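Chain by chain, the residues run as shown.
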Amino acid sequence: EFIWVGTRQQLSKVEEEDLMVGGQSVTPMVKVRDLGVFIDRELTMEAHVSNTVRGCMYQLRQLRSVKRSLTLDSRRALATAFVASRIDYCNGVLYGVAKGEVQRLQMVLNAAARLVVGTGKFSHVTPILRDVLHWLPVQHRISYKIAILARDCIHGIGPAYFGDVCAPVTAAPGRTNLRSATRGDLVIPRTRTKLGERSFRISAPTVWNSLPDSLKHFATSRKHFRKELKTYLFRKAYAPASENY
């Protein structure tokens, strides 16, 4: 399958019937599937989110039919395995997408939380997510995944194709004395497009640089880093809500 990716304005300039690959005329697809992720031609990720929502809602309907036979811990384990895991799968590709797409996934996560606890669909879900289940909101789950990948790249245990993505400021010529170098920040490459800002080359250093210095410098092991990262994002996500309850 062949797909031509770009903004709506860029795609309007392409004469699809004239596209040639290896001497053969090819017709671009509107969306393609790669490792379970649906990629559309404008990278809105709408098709991927729709597919994820559809799969999650199916699982929730199945769980709802047997929830009375399950304990709270069992419902939580099943919701994590069949719903939250689908939301988290390859969610790094959702960095920078429209807020409406992230909100659709958040609504699914909210529905799963209500099912686990057994409350009505109109009950306030923030206390459930924060105090009972300790689940991060979808937007922070995306940041969590990208921060983990960024740390792996920095320590040389990330995917080989990300080997040169996370470059420290200390390695950049003329920047060793900058304050950002002492903080352990990464170089954020320049980009001229909105799509470029969503690439891992941009999102990884952006998310990493937003972390507190203590987390970047003193999280020795990967397990320790994951634990401290979730604690930081949890407080960041629910700090305003904590003041209201």
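Our structure is the block above this text.
Residues numbered from 1 in each chain as written. Predicted model: local features only at pLDDT ≥ 70, side-chain atom pairs only at ≥ 80, totals over all residues. Heavy atoms only, no water.

Enquirer: When you look at the overall build of the protein in this model, what are you seeing that I'm missing?
Expert: If you tally the helices and strands in the protein, you get eleven helices and four strands. In terms of principal-axis extent, the alpha carbons of the protein reach across some 60 × 55 × 30 Å. A burial count over the protein gives 38% of its 245 residues as buried. Looking at the protein alone, contacts between residues at least 24 apart form 62% of all its contacts between residues at least 6 apart. (Helix = DSSP H or I, 4+ residues; strand = E, 2+ residues; numbered from the N terminus. Buried < 20%, exposed > 50% of the residue type's maximum accessible area, 1.4 Å probe, protein only. Contact = heavy atoms within 4.5 Å.)

Enquirer: What exactly am I supposed to notice about the packing of aromatic side chains here?
Expert: Taken as a whole and judged by the stated rule, the model has five aromatic pairs. Cluster of aromatic residues (ring-pair linked, three or more members): Y161, F162 and F200. (Phe/Tyr/Trp six-rings, centres within 6.5 Å; stacked < 30°, edge-to-face > 60°.)

Enquirer: Would you mind showing me how to read the pattern of salt bridges here?
Expert: It is possible for side chains bearing opposite charge to pair when their charged atoms get close. Counting across every chain of the model gives nine salt bridges. When the shortest N-O distance is used, the salt bridge between K216 and D185 registers 2.6 Å. On the criterion of sequence distance, the pair formed by K216 in helix α10 (residues 213-218) and D185 in the loop between α7 (179-182) and α8 (194-197) is long-range, its members being 31 residues apart. On the basis of relative accessibility, which here comes to 5%, the residue D185 falls in the buried class. The salt bridge partner of D213 is K216, with a shortest N-O separation of 3.8 Å. In this pair, D213 and K216 both sit in helix α10, three residues apart, roughly one turn of the helix. (Salt bridge = Lys/Arg side-chain N within 4 Å of Asp/Glu carboxyl O.)

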